[in-house]
Amino acid sequence: MSRTEAEKPILRVEGLTKRYGSKEVLKRASLAIKRGDLKVLIGPSGGGKSTLLQCINFLVIPEEGRVWLEEREIFHHRKKELYQFRQKVGMIFQDFNLFDHLSALDNVRIGLVRVKRLGKAEARARALQELERVGLKDHIHKYPAELSGGQKQRVSIARALAMDPSVMLLDEPTSALDPELISEVLAVIKDLGAHGMTMLMSTHQIAFASEVASEFIFMEDGQIVETGPPLKILSDADCDRTREFCSKITELYNTSF
Amino acid sequence: MLEGLTIVAGALPYLLGGCVVTISVVLGAMALGLALGIPLAVGQVYGPRWVRAAIGVHVWFFRGVPLLVLLFLFYFGLCAFFDLNLTAFTVAIIVLGLISSAYQSQIFRGGISAIPQGQLKAARALGMSDAKAIRSIILPQALRLSVPAWSNEYSIVLKDSAVAYALGVTDIMARAHFVASRTYQHLPLYLAAGLIFLVLTYIGLKALKILENKVRIVGYSY
């Protein structure tokens, strides 16, 4: 790969805007992510982080804005292209959203069988591989109701990985988890990052994020206020609003970064 | 009293023969109701406005006109008008099936609406089209949830099937009436008919209860 190729963004969004009635919940958000980046969205709840992530794969249709994956623009009304695009953009939800009527193995398998149209044996083998990767080899036949929150989230990560995504979008992956279950999910995410997966994640786990992120993106009131390296944003941000938010965070952690 | 019981005992094989007719009508109607009810429900939840309006009209019509009126309308009215050569048995199944489809569509619509939004989101996020997502993720769950309400619909259709006697279908009710009008033993015969229906209801509900337990999603709570 030439130097210029390596620098081209894998995912680029420009001017994403979402309105509900008269309320603008996302205001002209733009960002670009290069291969291997782990960018983290931080900011107060209701700031538009979740809306931004769901607009990127058009689970929420934005009023304005454009999205490019690997330099190709995506038009959401072209259904076939949209479905292909979504295969390449894995999404992890705060509420896991596992398919309740299917075992862990079938949850990971169904995308391979129904969407990628793999043969049964091939799909099973791939699903097993991904579940092993997230450490759930012994739980493959369990149903979501029988799994802990951390296990459910790891299944959902396996399910997304099985589709061979180019990018992963993670919408507060640990916010619904009990504290003692958070670390097992963070470990999987850290491992993914170490293996070069490109990720855009929103989270309140600031300490973890500052360890793994290449960039923090601070969002408030639907706008991207400031972006920069984690340490800069946390301790020496340019904007007042960023400083205000981060000072409260560091207070909470009773530490300085 | 004794004479009544003797008459019933003698007529029992004949009465029970009506079970075959009744059960066939009920199975046919439930199947038609199911085959139509599912697409109607999906259309009502996910369809564009005109589809939802059209389905609304279908549901309103078949829930709003009495069964007896519809049976006569179809059999003596429409069949004659369009010169259709359908038996009373067939018309009974069609009419009961259409009525049941209206009620069943509302049962499945409730089941579909009870599925959390996140299920469809996750399916879409994997790259599934809405049609695939509805078929593989939403309906399997919604139908399982609908079994209790569906067994209620079965008991209603079973009871309604007795009205088909008015078209001349030789079901349990028709046969009980036939014997009663010849022997004047009305009370014992209609009691027997009622009992037979009760037993059929009981058997069907038991079977559906077994089905409900078999397809129950592990750990599901609503």
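Predicted, not measured: the structure shown is a model, and the values here were computed from it. (Residues numbered from 1 in each chain as written. Chains lettered and ligands numbered in written order. Predicted model: local features only at pLDDT ≥ 70, side-chain atom pairs only at ≥ 80, totals over all residues.)

J.: Before we go on, may I ask you to explain the overall build of chain B in this structure?
T.: In terms of helices and strands, chain B carries eight helices and zero strands. Helices and strands appear in chain B in the N-to-C order α-α-α-α-α-α-α-α. If one aligns the C-alpha atoms of chain B with their principal axes, the spans along those axes are about 70 × 45 × 25 Å. A buried classification covers 36% of the 222 residues belonging to chain B. Taking contacts inside chain B between residues at least 6 apart in sequence as the whole, the part at least 24 apart equals 79%. (Helix = DSSP H or I, 4+ residues; strand = E, 2+ residues; numbered from the N terminus. Buried ≥ 20, exposed ≤ 12 C-beta atoms within 10 Å, placed from the backbone. Contact = placed C-beta atoms within 7 Å.)

J.: Can you help me understand the pairing of strand E6 (residues 89-92) of chain A in this one?
T.: Walk down a regular strand and you will see the side chains alternate between the two sheet faces. All names here are of chain A. Burial along E6 is two-sided: the residues Val-89 and Met-91 and Gly-90 and Ile-92 are all buried. Relative to strand E7 (residues 167-171), E6 runs parallel, the two being bridged by four bridges. Each bridged residue has a counterpart across the sheet, and for Ile-92 the counterpart in E7 is Leu-170. (Pairing = 2+ DSSP bridges.)

J.: When you look at the sheet that holds strand E1 (residues 9-20) of chain A in this model, what are you seeing that I'm missing?
T.: Each strand in a sheet pairs with its neighbour through backbone hydrogen bonds, running either in the same direction (parallel) or in the opposite one (antiparallel). All names here are of chain A. Taken in spatial order, the four strands of this open sheet run E2-E1-E4-E5, and their pairing is antiparallel. Two strands in the sheet have a free side with no partner beyond their single neighbour: strand E2 (23-34) and strand E5 (72-73). Here strand E4 (residues 64-69) runs beside E5; their pairing, made up of two bridges, is antiparallel. The residue bridging Leu-69 from the neighbouring strand is Arg-72, located in E5.

J.: So what exactly am I meant to see when it comes to the sheet that holds strand E9 (residues 215-220) of chain A here?
T.: Residue and element names in this part refer to chain A. Spatially, six strands are ordered E6-E7-E8-E3-E9-E10 in an open sheet, and the strand pairing comes out mixed. Each edge of the open sheet carries a strand with a single partner, namely E6 and strand E10 (223-228). Between one strand axis and the next, the sheet turns by 20 degrees as a mean value, whatever way the strands run. Where E9 meets E10, five bridges bridge the pair, whose relative direction is antiparallel. Each residue of the ladder has a partner; that of Phe-218, found in E10, is Glu-226. Docked against the sheet, helix H6 (residues 149-161) engages E6 and E7, running at close to 170 degrees with respect to E6. (Axes fitted to C-alpha atoms, helices over the stretch in contact; angles between N-to-C directions.)

J.: What exactly am I supposed to notice about the packing of helix H5 (residues 117-125) of chain B against helix H6 (residues 130-160) of chain B here?
T.: All names here are of chain B. One way to put it is that H5 packs onto H6 with a least axis distance of 10 Å and a crossing angle of 135 degrees. Accordingly, the angle class assigned to the pair H5 and H6 is oblique. You can see that H5 and H6 cross each other, and the crossing is right-handed. Within the contact between the two elements, H5 uses Gln-119, Leu-120, Ala-123 and Arg-124 and H6 uses Ala-133, Ile-137 and Ile-138. (Parallel < 35°, antiparallel > 145°, perpendicular 65-115°, else oblique. Left-handed = near helix turned anticlockwise from the far one by under 90°.)

J.: Teacher, can you tell me more about the packing of helix H4 (residues 104-115) of chain A against helix H5 (residues 120-133) of chain A here?
T.: The description of two helices packed together rests on the angle between their axes and the distance between the axes. Residue and element names in this part refer to chain A. Two elements in contact, H4 and H5, have axes separated by 9 Å at closest approach and are oriented at 130 degrees. Here H4 is positioned oblique relative to H5, judged by the angle of their axes. The handedness of the crossing between H4 and H5 is right-handed. For the pair formed by H4 and H5, the contact residues are Ala-104, Leu-105, Val-108, Arg-109, Leu-112 and Val-113 on the first element and Lys-120, Ala-123, Arg-124, Arg-126, Ala-127, Glu-130 and Leu-131 on the second. Split by residue class, the contact of H4 with H5 holds eight nonpolar, no polar and five charged. (Nonpolar A, V, L, I, M, F, W, Y, C, P; charged D, E, K, R; others polar.)

J.: Explain the pairing of E7(A) to me, please; I cannot follow it from the model alone.
T.: Residues and elements named next belong to chain A. For E7, a buried count of five out of five residues is recorded, marking the element as mostly surrounded by other parts of the structure. Burial of the side chains of E7 extends over both faces: Val-167, Leu-169 and Asp-171 are buried on one face and Met-168 and Leu-170 on the other. In the sheet, E7 pairs with strand E8 (residues 198-202) via five bridges, with the strands oriented parallel. Bridge pairing links Met-168 to Met-199 in E8. One crossover worth recording links E7 to the parallel E8 by way of helix H7 (residues 179-194), and it is right-handed. (Right-handed = clockwise from strand over helix to strand, strands pointing away.)

J.: Is there a simple way to think about the nonpolar core in this case?
T.: Considering soluble globular proteins, one finds that nonpolar side chains tend to be buried as a cluster. Membership of the largest hydrophobic core comes to 130 residues, with the highest contact counts inside it found for A:Val40, A:Leu131, A:Leu169, B:Val25, B:Ala92 and B:Ala193. Counting residues per element, this core draws most heavily on helix H1 (residues 2-46) of chain B, at 13 residues. Contacts of B:Ala92, omitting those with residues within four sequence positions, involve B:Val25, B:Leu71, B:Ala164, B:Leu167 and B:Val169. (Core = buried A, V, L, I, M, F, W, Y, C linked by C-beta atoms within 7 Å.)

Any link to function would need more than the numbers given here.
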